[in-house]
Amino acid sequence: MRKRIMSLICGVTICAGTVFSGGVTQLTQTFGVETTEELNVEGYQISIAAGGIRTVYSVAESIDGSRVTERGLIYGLADCVNEDEMDINHQGENVKAFAATSKGLITSEEGKATYTMTMTYGAMNVPAFTQEYIVRPYAKLRNGSYYYGETKRFSIFDVASVLYDESRMPIQVDHDYLYNSILSVVDSNYPRVTFNHAVETETTQAPTTQTPTTQAPTTQTPTTQAPTSAPSGNGPIEVFGEVFSSNANNTITVVWGQNNDQIANGQKYNVYVDGVKKLSEVQCGSYDIHNISNGTHTVKVTAVLNGIESSGVSGQVTVAGGQSTTEKPTDKPTETQTEKPTEAPTEPPTTQPQNGTIESGNLMKIAFAIVSSAENSSLNFREQYSYIENIGDGRGYTGGIIGFTSGTGDMLEVVEQYIALKPNNNPLSPYLSALRAVNGTDSEAGLGRNFVRAWQTAANDQEMIDAQNKIVREWYLHPAVADAQTDGLSVLGQFIYYDAMVMHGPGNDSESFGGIRKAALRTATSPAKGGDEATYLKAFIEARKKIMLMEEAHEDLSRLNAQLKFINEGNFDMNLPLSWTMYGDSFTLTQSILDSL
């Protein structure tokens, strides 16, 4: 599977314990670079879900009268570099600069944006945890000059110590994780601290790679409010970093942040949709509220403390889908933000035609066969339900009919759906917690060979086949067809959208399907707007190509070349026979072969 790893949710980022002020060592600025107070490292977070340490930093939109065009962080190994080497010109083995992207944005307000960047541990051992790093924010201006903030020092152990000793993590298991996985590893006699606030939820496990990356949601609109002080001595502090979005039909996703004072006070939160309370006194986190009718809705999050409810912060969300009569929230916080499905049938593939779409019948079999040639080097997609292996692409295990992955959330959804369909004697039930823990990482912790065998055993159950088909339809097939129909595309266009959805995942950031589609629509006119379909589809493929070439695993463009071949042949109805080459293998799909699938 070659889909990208879906980003961790902003709520987890914001709600993770944070070390500010005293948790860092400030260096004096005595060296020869332009520094400014408009670039600041605000603090650090230990993210259990990401398995790494986050640096939170802020950057002004303009510095010295010139607009900032690039911002990011420079990391250095404190044992190997001097403070005066912490600039763009000294990049090398021991100094690395990483530019921010929109995925790392937390908030943007009053001419200043706040970002977060995650560096995973690299290893779960003493050297990794005690290695001291130097970090410094930088900004490139429109005039080409660079400015820098002050340098700060940190180690994973030092940050974990402050978070643990002061009970700054939001939940009990995260607090315990710091002791069991970091502090006691470095110091077996490290004193235990009793956690004194928040509720217990299931913990997650750390990955084993070390690459600074930006982590944040892919479908969001950051708002601009931030807490300063409580409205009264005993009253609550308003939330900040709130994001109200609709990632699936008839669903509103709500996420917000809280600071250390709010955590220490034990604040709770209410969520309203159009003035109707949907969630009552819940913890800071991310929540999906389902069965919301289509249209624009007003969402508000209020803070509750000592019987006092704040006035709250509000925003509007436009929801797609049909009308709904029963609105019921999901009260369980989620660890990662995965694109939630739209409603669609759950039956396995059939041979009945469906009015020229690839959602069923022969056209769906054709689409599945071509994708199977890319994912499994075989046209027989029905044999792929039991497929599973770690192909080393940084997404953990890849398995199933389209290559669901343990690192991107869809494999977890498959297993949860399978367990719902078969709650008793389910071979994958013992691995549900481990799948939740490794979601968003490439870790195999808690899985391994026994999990592989359990997956293969499960594939003999019709419930497992139904579960895989359901997620394929809801996450990938139905949304791709719906967007293709909106853009006035043919059957071939539906397939091209579907293949991109499978590889890149749903979402609206630049590296997801939605971002690729937006890029294509900026450069070519869709048929729905009077454009030529071949021209538009080639623009879509070109936009996708740019994203694929950003990652080594995507450098082979066989999938795109096959699609261009179909376009150049003018086969917009995907009539058989079809022939193409995929990663060096030649395939021909005839009606007789299709009938045998």
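Parameters at a glance
- Residues numbered from 1 in each chain as written.
- Predicted model: local features only at pLDDT ≥ 70, side-chain atom pairs only at ≥ 80, totals over all residues.
- Heavy atoms only, no water.
- Core = buried A, V, L, I, M, F, W, Y, C linked by side-chain atoms within 4.5 Å.
- Buried < 20%, exposed > 50% of the residue type's maximum accessible area, 1.4 Å probe, protein only.
- Helix = DSSP H or I, 4+ residues; strand = E, 2+ residues; numbered from the N terminus.
- Contact = heavy atoms within 4.5 Å.
- Phe/Tyr/Trp six-rings, centres within 6.5 Å; stacked < 30°, edge-to-face > 60°.
- Salt bridge = Lys/Arg side-chain N within 4 Å of Asp/Glu carboxyl O.
- Arc of directions from axis to C-beta.
- Pairing = 2+ DSSP bridges.
- Axes fitted to C-alpha atoms, helices over the stretch in contact; angles between N-to-C directions.
- Parallel < 35°, antiparallel > 145°, perpendicular 65-115°, else oblique.
- Left-handed = near helix turned anticlockwise from the far one by under 90°.
- Nonpolar A, V, L, I, M, F, W, Y, C, P; charged D, E, K, R; others polar.

(A) Layout of the nonpolar core. Counting residues in hydrophobic clusters, the biggest one holds 85 residues, and the most contacted among them are Phe 368, Leu 428, Phe 451, Trp 455, Tyr 498, Phe 540 and Trp 580. When residues of this core are assigned to their parent elements, the largest contribution, 11 residues, is made by helix H10 (residues 462-486). Once you skip the residues sitting within four places of it in the chain, Trp 455 turns out to touch Tyr 385, Ser 386, Tyr 387, Ile 388, Gly 399, Gly 400, Met 411, Val 414, Val 415, Leu 428, Met 464 and Gln 468. Counting residues in hydrophobic clusters, the runner-up holds 39 residues, among them Tyr 75, Ala 100, Tyr 121 and Ile 156.

(B) A look at the packing of aromatic side chains. Applying the stated criterion across every chain yields a total of 19 aromatic pairs. Both rings, one in Tyr 75 and one in Phe 98, keep their centres 6.0 Å apart while their planes meet at 70°; by these two values the pair is edge-to-face. Note that Tyr 75 is positioned in strand E6 (residues 66-77) and Phe 98 in strand E7 (residues 95-99), a separation of 23 residues in sequence. Taking relative accessible area as the criterion, Phe 98 reaches 22% and is therefore assigned partly exposed. Residues Tyr 138 and Tyr 146 carry aromatic rings whose centres are separated by 6.2 Å and whose planes lie at 45° to one another, so their mutual orientation is tilted.

(C) Inspection of the pattern of salt bridges at higher detail. By the definition in use, this model includes nine salt bridges. Glu 474 serves as the salt-bridge partner of Lys 470, at 2.5 Å between the closest nitrogen and oxygen. You can see Lys 470 and its partner Glu 474 sitting in helix H10, four residues apart, about one turn around the helix. By sharing partners, the salt bridges in this structure join Asp 483, Asp 487 and Arg 517 into a single network.

(D) Seen up close, helix H9 (residues 448-458). When we look at burial in H9, the residues that qualify are Gly 448, Phe 451, Val 452, Ala 454, Trp 455 and Ala 458. Buried residues along H9 cover an arc of 165° about the axis, so they all sit on one side. Here the buried face of H9 lies against strand E22 (388-390), strand E23 (397-399), helix H7 (410-421), helix H8 (432-438) and H10.

(E) Up close: the pairing of strand E9 (residues 112-120). In terms of burial, E9 is a largely internal element, eight of the nine residues being buried. Of the pairings in the sheet, the one linking strand E4 (residues 52-60) to E9 comprises nine bridges and is antiparallel in character. Within E9, the position partnered with Ser 58 by the bridge is Thr 114.

(F) Just the packing of H7 against H10, in detail. One way to put it is that H7 packs onto H10 with a least axis distance of 8 Å and a crossing angle of 135°. Compared by their axis directions, H7 and H10 come out oblique. Of the two elements, H7 crosses H10, and the hand of that crossing is right-handed. Between H7 and H10, the residues in contact are Asp 410, Glu 413, Val 414, Gln 417, Tyr 418 and Leu 421 and Glu 463, Met 464, Asp 466, Ala 467, Gln 468, Lys 470, Ile 471, Trp 475 and Tyr 476, respectively. When the residues that make up the contact of H7 with H10 are grouped by side-chain class, the tally is eight nonpolar, two polar and five charged.

(G) Summary view of the pairing of strand E26 (residues 585-589). One ladder, built from five bridges, connects strand E25 (residues 578-582) with E26; its direction is antiparallel. Bridging from a neighbouring strand, Trp 580 pairs with Phe 587 of E26. Once E25 ends, the chain turns through two residues before running back antiparallel as E26, passing Tyr 583 with a positive phi of about 50°.

(H) Representation of the environment of Ala 369. Within the secondary structure layout, Ala 369 lies in helix H6 (residues 361-376). Residue classification places Ala 369 among the buried positions, given a relative accessible area of 0%. Considering only alpha carbons, one finds Ala 369 and Asn 380, 11 residues apart in sequence, at a separation of 6.3 Å. Once you skip the residues sitting within four places of it in the chain, Ala 369 turns out to touch Ser 378, Leu 379, Phe 381, Leu 589 and Leu 597.

(I) Broad picture of the sheet that holds strand E24 (residues 404-405). Read from one edge to the other, the open sheet built from three strands follows the order E22-E23-E24, with strand pairing classed as antiparallel. The open sheet is flanked by E22 and E24, the only strands paired with a single partner. In the sheet, E22 pairs with E23 via three bridges, with the strands oriented antiparallel. Directly across from Ile 388, in E23, lies its bridge partner Gly 399.

Honestly, it's all geometry; don't read function into it.
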